[in-house]
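Fold and geometry: a report
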Amino acid sequence: MSVLHETDAGAPPPITTFGPDFPFAYDNWISHPSGLGRLPAEAFGREVAVIGAGLSGIIAAHELMKLGLRPVVYEADRMGGRLRSEPFQGAEGVFAELGGMRFPVSSTALYHYIAQVGIETRPFPNPLDEATLSTIVDLEGEQVYVEGAGHGTLPPLLQEVADAWKAALESGAEFSALQSAVRRRDVQALKEIWNRLVPFWDERTFYDFIASSPAFSAKSFRHREVFGQVGFGTGGWDSDFPNSMLEILRVVVTAQDDHQRMMVDGAEQLPRRLWRLAPTTLAHWPAGTSLASLHGGAPRAGVARIARGEDGRLAITDRWGDLRRYDAAIVTCHSWLLTTQIDCDERLFSQKLWMALDRTRYMQSSKTFVMVDRPFWTERDPATGRYRMSMTLTDRITRGTYLFDNGPDKPAVICLSYSWMTDAMKVLPMDAEKRVRLMLRALREIYPGLDIASHIIGDPITVSWENDPNFLGAFKGALPGHYRYNRRMFCQFMQADMPPDQRGLFLAGDGISFTPAWAEGAVQTALNAVWGVLRQLGGETPPDNPGPGDLFDTIAPIELPD
């Protein structure tokens, strides 16, 4: 099942991740019958390095292979990157989504690939969502219980907060006009509005936006506090309060926080199925060729060094000392790894770009999962008439608790805690068992009559992304003043004006995008890099299907003065 956008006659066009910084129709580009481009015959079979086998790296490699190139994928740990579906031992098809787990339908380029490999999706059980049986909001020891989406029956305080958020977006960010331009893919209108907002909000925090908005300043501090703890869409927003307001505007205007779905077979299946997929349209390669077949079944080891060889080509050395030379390469790992884990020649990037890569700020994230014998939360408590347990948002250590029903023949899964930043750091030194005990103790205060522990089977699964040497954090979270850094990284695929010793090495991944933490950003920057490699090796795009670089001068992100 896929969720590509089709609209009824007369219905408004759907919201997609079209800009706002770079309004290019990636979904149209990758689905166009003319393809992404053509290479000269002498380039066929030429090797291109792809560093990182996460979603961005696999999609880049997949599209390079279709063009007739031979991608050589390097991976330091595990294919999938932060699409990591960790299986519970002893239960077939039961897993914990340690990284990306909810994918908004506005991510139309992402869903193009989901459809290609036949992954079924279903609504994600977010708080106050129709796919969620019930939600409990627990703040300062007081609880609010809501079934389903609430159907207009939110308690007064939550409704006031929701209305204030909507009014703040309208008064502070021209929200209706901005989102209308995104819907209509009206580049001129979108650029006109967004280019006004960028210099105004780049150096101001999300909290500043909330606190200075008349919609919230007319309310109590409690309203701002509740918004931070609960939020609307995916949950609380307070972990993002220090971020640049532009980071938040991009999320809400492109509906990344709304209408989210989960991949039934696990998000990790997307890069793994693309790895094995033999495309029906291939240049140069025989029918049946896949990334797996070109690699003998597995990626090469992780990269230890990136340099410029004496012949001018990129010299890439893996962890075991194997050195290979390439005319082009795509780097999809977290930017900090280029200064901490990989010996990367500084001359490959300008000092301004190094500043951007090094100043990138990664947010911490922690999750703790347990497998349980059955989805007992679908049962009613005879004493109260409520469901026995709910999707839970709280100011306690757990922050967000999510419930996953895998069907009648499989154990269920509870994400006991999904937390960010300082809340994630609190549990960093703890092992899985201690984390579970801590979370159960907090949840007992919310569900005093429920013995969650009696339902747990198997071993718990937990992650702290900041503790992983191959990531050092969950994803980028731009601070005020970081727009210039974002622009430098995103636009790096445009290399015609760069000195020769900085050409041929392309950056990709959600951290290079304007939408960090969302898989769509990984897809879009991968496609930018593919366009860059195509041009680097003498190829061109079809006249009826121009790529992101062909339209760059028209739709480029606004440049702020240094």
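A brief structural summary. (Residues numbered from 1 in each chain as written. Predicted model: local features only at pLDDT ≥ 70, side-chain atom pairs only at ≥ 80, totals over all residues. Heavy atoms only, no water.)

Along the chain, the regular secondary structure elements total 19 helices and 22 strands. The globule rule puts the C-alpha radius of gyration for 562 residues at 24 Å, and the 24 Å found for the chain is close to it. Considered along the principal axes of its C-alpha atoms, the chain spans approximately 75 × 55 × 50 Å. Evaluated residue by residue, the chain yields a buried proportion of 59% over its 562 residues. (Helix = DSSP H or I, 4+ residues; strand = E, 2+ residues; numbered from the N terminus. Rg over C-alpha atoms; globule rule 2.2 N^0.38 Å. Buried < 20%, exposed > 50% of the residue type's maximum accessible area, 1.4 Å probe, protein only.)

Judged by pairing direction, the sheet is mixed, and its seven strands sit side by side in the order E8-E7-E17-E18-E19-E16-E20 without closing on themselves. The open sheet has two edge strands, strand E8 (142–147) and strand E20 (456–464), and neither has a second partner. Recorded for the sheet is a direction-independent mean angle of 15° between the axes of neighbouring strands. The sheet contact formed by strand E16 (residues 365–372) and E20 spans six bridges and is antiparallel. Residue Phe369 lies in a different strand from E20, and its bridge partner there is Ile461. The strands touched by helix H9 (residues 221–230) within the sheet are strand E7 (134–139) and strand E17 (391–394), with E7 carrying the most contacts at an inclination of about 130°. (Pairing = 2+ DSSP bridges. Axes fitted to C-alpha atoms, helices over the stretch in contact; angles between N-to-C directions. Contact = heavy atoms within 4.5 Å.)

Let us look at the packing of helix H5 (residues 175–184) against helix H6 (residues 187–201). Each pair of packed helices can be summarised by the angle the axes make with each other and by the distance between the axes. Close contact between H5 and H6 brings their axes to 8 Å; oriented N to C, the two are set at 140°. On the basis of their axis angle, the class for H5 and H6 is oblique. You can see that H5 and H6 cross each other, and the crossing is left-handed. Across the interface between the two elements, Ala177, Leu178, Ala181 and Val182 of H5 pack against Ala189, Leu190, Ile193, Trp194 and Leu197 of H6. Within the contact of H5 with H6, the residues separate by chemical class into nine nonpolar, no polar and no charged. (Parallel < 35°, antiparallel > 145°, perpendicular 65-115°, else oblique. Left-handed = near helix turned anticlockwise from the far one by under 90°. Nonpolar A, V, L, I, M, F, W, Y, C, P; charged D, E, K, R; others polar.)

Moving on, we come to the sheet that holds strand E12 (residues 323–326). The four strands are arranged E12-E11-E10-E14 in an open sheet whose pairing can be described as mixed. The outermost strands of the open sheet, each flanked by one partner alone, are E12 and strand E14 (343–344).

Another point: unusual backbone geometry. For the bond from Gly19 to Pro20, the omega torsion is 10°, close enough to zero to count as cis. Within the chain, Glu140 stands out as a residue other than glycine whose phi angle is a positive 50°. Assignment of secondary structure puts Glu140 in the loop between E7 and E8. Its identity as a non-glycine residue notwithstanding, Arg399 has a phi of 60°, on the positive side.

Within helix H17 (residues 483–490), six of the eight residues are buried, which leaves the element mostly enclosed by the surrounding structure. Here H17 has its buried residues at Tyr483, Tyr485, Asn486, Arg487, Met489 and Phe490. The elements touched by buried residues of H17 are helix H1 (26–31), H6, helix H10 (245–253), helix H14 (351–359), strand E21 (475–476) and helix H18 (519–536).

Enumeration over the complete set of coordinates arrives at 40 salt bridges. The closest approach of N and O atoms between Asp21 and Arg250, which form a salt bridge, is 2.5 Å. Separated by 229 residues along the polypeptide, Asp21 in the segment before H1 and Arg250 in helix H10 bring together distant segments of the chain. Exposure class is identical for Asp21 and Arg250. Each is buried. With its nearest N and O atoms 3.1 Å apart, the salt bridge here joins Arg300 to Asp322. Residue Arg300 is located in the loop between helix H12 (291–294) and strand E10 (303–308), and its partner Asp322 is located in the loop between strand E11 (314–318) and E12; the two are separated by 22 residues in the primary sequence. By relative accessible area, Arg300 is classed as partly exposed at 26%. (Salt bridge = Lys/Arg side-chain N within 4 Å of Asp/Glu carboxyl O.)

Along the chain, Leu537 falls in the loop between H18 and helix H19 (552–555). In this structure, the C-alpha to C-alpha distance between Leu537 and Ala149, residues 388 residues apart in sequence, is 52 Å. Setting aside chain neighbours within four positions, we find Leu537 in contact with Leu39, Pro40, Ala43, Arg46, Val48, Leu69 and Asp327.

This paragraph deals with the nonpolar core. Formed by 137 residues in total, the largest nonpolar core has its most connected members in Trp165 and Leu270. No other element matches the nine residues that H18 contributes to this core. Leave out the neighbours within four places in its chain, and Trp165 touches Phe206, Phe209, Ile210, Phe216, Phe227, Met245, Ile248 and Val252. Grouped together as the second largest cluster of nonpolar side chains are 27 residues, Tyr326, Val331, Phe349 and Leu353 included. (Core = buried A, V, L, I, M, F, W, Y, C linked by side-chain atoms within 4.5 Å.)

Taken as a whole, this structure holds 32 aromatic pairs when the rule is applied. Taken together, the aromatic side chains of Phe22, Phe24, Tyr26, Trp29, Tyr483, Phe490, Phe493, Phe514, Trp531 and Phe552 make up a single cluster linked through ring pairs. For the cation-ring pair, Lys367 lies above Tyr418, with the distance from its terminal atom to the ring centre recorded as 4.5 Å. The cationic tip of Arg380 hangs over the ring face of Tyr387; the distance from NZ or CZ to the ring centre is 3.9 Å. (Phe/Tyr/Trp six-rings, centres within 6.5 Å; stacked < 30°, edge-to-face > 60°. Lys NZ or Arg CZ within 6 Å of the ring centre and 35° of its normal.)

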